[in-house]
Amino acid sequence: MTVAERRAAYLRCQSCGAEALHEVSYAGRLLYKSRCTACGHEVRHGERDFEGRYLLDLEHRLLTKPGRLVRRARYHPIAFARSFPAAAARQPAKLRAELRMVLDDVRRRRG
Ligand SMILES: [Zn+2]
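Here we summarise the structure given alongside this text. Small disclaimer: the values here were computed from a predicted structure and weren't measured. (Residues numbered from 1 in each chain as written. Predicted model: local features only at pLDDT ≥ 70, side-chain atom pairs only at ≥ 80, totals over all residues.)

1. As for the nonpolar core
Membership of the largest hydrophobic core is limited to 5 residues, which are Ala27, Tyr32, Phe50, Tyr54 and Val102. Those residues in contact with Tyr54, other than ones at most four positions away along the chain, are Ala27, Gly28, Leu30 and Val102. (Core = buried A, V, L, I, M, F, W, Y, C linked by C-beta atoms within 7 Å. Buried ≥ 20, exposed ≤ 12 C-beta atoms within 10 Å, placed from the backbone. Contact = placed C-beta atoms within 7 Å.)

Written out as structure tokens, the structure reads:
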């Protein structure tokens, strides 16, 4: 799971108190923010130094990617061969979306 990826989950909202569908966003593997679809209340998770933690996580993902690809190719060669071209083609756009979300947030907070 990557991209400034959005998922949905039923959570209790700390603002309106309803157990409602929330849009949950991730930057890479890090929980970034959640938004209550009932009232629009948004919570940013780990706001303090999020960009520093994101960059450390990104570095780890990039350094371990070759090993993860080799393991997938070894244990699931057919699925790997089928999915690799499309997955590789999506990587630049996924990384751009992640970086855009994190950098936009940094700019917004620094005004
Ligand atoms: Zn709410």
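After that view of the structure, there is still more to cover.
2. Thoughts on the environment of Asp105
Locating Asp105 in the fold gives a position in helix H2 (residues 77-110). Measuring from C-alpha to C-alpha, the distance between Asp105 and Ala93 comes to 18 Å, with 12 residues separating the pair along the chain. (Helix = DSSP H or I, 4+ residues; strand = E, 2+ residues; numbered from the N terminus.)

3. Digging into helix H1 (residues 50-75)
In an α-helix, one full turn covers 3.6 residues, which means residues spaced three or four apart are oriented alike. Look at H1: 35 Å from first C-alpha to last across 26 residues, which is about the 38 Å you get at 1.5 Å a residue. Taken as a whole, H1 carries its principal kink of about 45 degrees at Lys65; the proline Pro66 stands between one and four residues after it. The buried count for H1 comes to 2 of 26 residues, which makes it a mostly uncovered element. (Expected span 1.5 Å × (residues − 1). Bend = angle between axes of the 7 residues up to and from the residue.)

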